[in-house]
Amino acid sequence: MSKKNKNKVFNSNDTIQEYIYVLLGAAVIAFGFSVFLFPNQVASGGVSGISTILNGLFGWNAGIVQYAFNIPLFIAGVLVLGKRFGFKSFIGTIALPFFVILMNDWSAWTDNVLLAAIFGGIVVGLGIGLVFKGNASTGGTDLLAQIITKFTGLTLGTSVLLIDGIIAISAALVFDLERGLYALIGLYVTTKTIDIVQLGFSQSKMVYIITNKQDEVRDAIYMEIDRGVTKMPAFGGYTGEQKLMLMVVVYQTEFTKLKQIIKTVDPSAFVIVSDAYEVLGEGFKRV
């Protein structure tokens, strides 16, 4: 098979996988909404939150309300922001309300509003993360936030916060204050779950080491935990003195050993540690 044909096969497989992510994600979002959030009147942001509020006010079907908002917002997004949203986002926009309508008569899994906010937030965040993995969206207020950003100059984060804040306040007015507070809990949990789906749980640590014993620390790391070390130039902000800073990535299980090595070789070393959510290359995950 020629390289060109191989690339076509890979691209085709990637596209199929992305559509699966979008449809599966939409179904998961609808599930979390239908069995946790909606029956407990937790309007945790987005068009789903709007549909929960309007159902509480007028008894309108949540899925139909989501269609009524999502489709015009998607069209407005394409007209104002361009065609970059693509067909997969259109599929997500259509699929989510469809699954919500299918699950309309499903019973609530809990009548504890706090549990509903937490687990509904987790499930919805998982679904949104899957849709994002498919390089798509489910439309809704995310598109509205981008439109607001374009015309007002507000940051995207501020626009999203503004919209979801209005929805949470509306929930507090329509239902009660506690429902509004639970909506904020659900929204927070959803956001954190999306990050976990996108980035994964951190299994590695990235460590920066500023020491006067670069060679000794480097050799000890090679010998004791067999990890590569990168030397990076660094300048003292006060003295202007140039030093070499060491950077090494280790698994969490190796981190305690690394600290012991540094402490033994140079107790006065300055060490900075951060999470590394994804590491590709030799000794870690394959590219």
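On a predicted model such as this, the values are computed, not experimentally measured, just so you know.

What counts and what doesn't
- Per chain, residues are indexed from 1 in the order of the written sequence.
- For a predicted model such as this one, the threshold for reporting local features is a pLDDT of at least 70, and the threshold for listing and counting side-chain atom pairs is 80 or more; totals across whole chains, interfaces and linings nevertheless cover every residue.
- Side-chain calculation: all heavy atoms of the structure are included, whereas hydrogens and water are not.
- One side-chain nitrogen of Lys or Arg within 4 Å of one carboxyl oxygen of Asp or Glu is enough to make a salt bridge.
- Each helix is a run of DSSP H or I of at least 4 residues and each strand a run of E of at least 2, with the numbering of both proceeding from the N terminus.
- A 1.4 Å probe rolled over the protein chains alone gives each residue an accessible area, and that area as a share of the maximum for its type sets the label: buried under 20%, exposed over 50%, partly exposed in between.
- Only heavy atoms enter the contact rule, under which two residues are in contact if any of them lie within 4.5 Å.
- Per residue, pLDDT measures the predictor's confidence, with a range of 0 to 100.
- Fitted lines through C-alpha atoms give the axes, limited to the stretch in contact for helices. The angle between two N-to-C directions lies from 0 to 180 degrees.
- By convention the crossing between two helices is left-handed if the near helix lies anticlockwise of the far one by an angle smaller than a right angle, and right-handed if it lies clockwise.
- Ten residue types, Ala, Val, Leu, Ile, Met, Phe, Trp, Tyr, Cys and Pro, are classed as nonpolar, four, Asp, Glu, Lys and Arg, as charged, and the remainder, Gly among them, as polar.
- Put simply, the grid is 1 Å and covers the protein atoms alone, a cavity is a trapped set of points that fit a 1.4 Å probe, a pocket is an open set with protein on both sides within 12 Å along at least five of seven lines, and lining residues have an atom within 4 Å of a point.
- Grid points are joined across faces, edges and corners, and a volume is the space filled by probe spheres set on the points.
- The length a helix should cover is 1.5 Å for every residue beyond the first.
- As used in this structure description, the phrase polar contact means that two N or O atoms lie within 3.5 Å; if the pair is within protein, one of them must be able to donate a hydrogen and the other to accept it, and residues adjacent in sequence are counted only when both atoms belong to side chains.
- As used in this record, nonpolar core signifies buried Ala, Val, Leu, Ile, Met, Phe, Trp, Tyr and Cys residues forming a set joined through side-chain atoms within 4.5 Å.
- DSSP-based pairing: two strands are paired if at least 2 bridges between them are found.

What about the pattern of salt bridges?
Point 1. For the coordinates displayed, the defined rule picks out six salt bridges.
Point 2. The salt bridge involving Arg218 is made with Asp219; its shortest N-O contact spans 3.1 Å.
Point 3. One salt bridge in this structure joins Arg227 and Glu254, with 3.1 Å as the shortest N-O distance. Of the two residues, Arg227 sits in the loop between α9 (214-225) and β2 (230-235) while Glu254 sits in helix α10 (residues 252-265), which places them 27 residues apart along the sequence.
Point 4. Owing to a relative accessible area of 17%, Glu254 belongs among the buried residues under this scheme.

Regarding the side chain of Ser44
Point 1. Among the structural elements, Ser44 can be located in the loop between α1 (3-37) and α2 (46-58).
Point 2. Look past the residues within four positions of Ser44 in its chain and what remains in contact with it is Leu37, Gly49, Ala183, Gly186 and Leu187.

Quick notes on the confidence of the model for the protein chain
Any residue range with low pLDDT should be treated as having predicted coordinates unsuitable for detailed reading.
Point 1. Taken residue by residue, the protein chain gives an average pLDDT of 84. The fraction at 70 or more is 88%.
Point 2. Here α1 stands out as the least confident element of the protein chain, with mean pLDDT 77; α2 is the most confident, with 91.

A closer look at the packing of α9 against α10
Point 1. The interhelical angle for the contact between α9 and α10, taken along N-to-C directions, is 145°, at an axis separation of 10 Å. The hand of the α9/α10 crossing is right-handed. Contact residues: Glu216, Val217, Ala220, Ile221, Glu224 and Ile225 in α9; Glu254, Lys257, Leu258, Ile261 and Val265 in α10.
Point 2. Classifying every residue of the contact of α9 with α10 by side-chain character gives seven nonpolar, no polar and four charged.

Here we look at the layout of surface pockets
One simple way to see leftover space: roll a probe sized like a water molecule over the atoms.
Point 1. Of the voids in this model, the largest pocket is the one considered here, and its volume is about 910 Å³.
Point 2. Contributing to the lining of the largest pocket are 40 residues, with Ile128, Phe132, Thr141, Asp142 and Ile194 lying nearest its centre.
Point 3. Broken down by secondary-structure element, the contributors of at least two residues to the lining of the largest pocket are α1, α2, α3 (62-81), α4 (86-102), α5 (113-133), α6 (141-152), α7 (156-174) and α8 (177-199).
Point 4. For the lining of the largest pocket, the residue count by class is 20 nonpolar, 16 polar and four charged.

A look at α5
Point 1. In this model, α5 (21 residues) spans 30 Å end to end at C-alpha, consistent with the 30 Å of a helix rising 1.5 Å per residue.
Point 2. Capping the start of α5, Asn112 holds a side-chain oxygen 3.0 Å from the backbone nitrogen of Leu114, two or three residues further along.

Let's talk about the nonpolar core
Point 1. In terms of nonpolar packing, the biggest core is built from 23 residues, with Ile29, Ala30, Phe33, Val42, Leu96, Phe99 and Val100 touching the most fellow members.
Point 2. Counting only elements with at least two residues in this core, the list comes to α1, α4, α5 and α8.
Point 3. Excluding its chain neighbours within four sequence positions, the residues that come into contact with Leu96 are Ala26, Ile29, Ala30, Gln66 and Thr138.
Point 4. Among the nonpolar cores identified, the runner-up in size contains 16 residues, and Ile225, Val250, Ile262 and Val265 belong to it.

A few points about the pairing of strand β3 (residues 242-251)
Point 1. Of the strand pairs in this sheet, strand β1 (residues 204-210) and β3 are connected by seven bridges, and their pairing is antiparallel. Residue Lys205 lies in a different strand from β3, and its bridge partner there is Val250.
Point 2. When β2 meets β3, the two strands line up antiparallel, connected through six bridges. From the neighbouring strand, Phe235 faces β3, where its bridge partner is Gln242.
Point 3. The turn joining β2 and β3, which pair antiparallel and follow one another in sequence, is formed by six residues; a positive phi near 75° is taken by Gly240.

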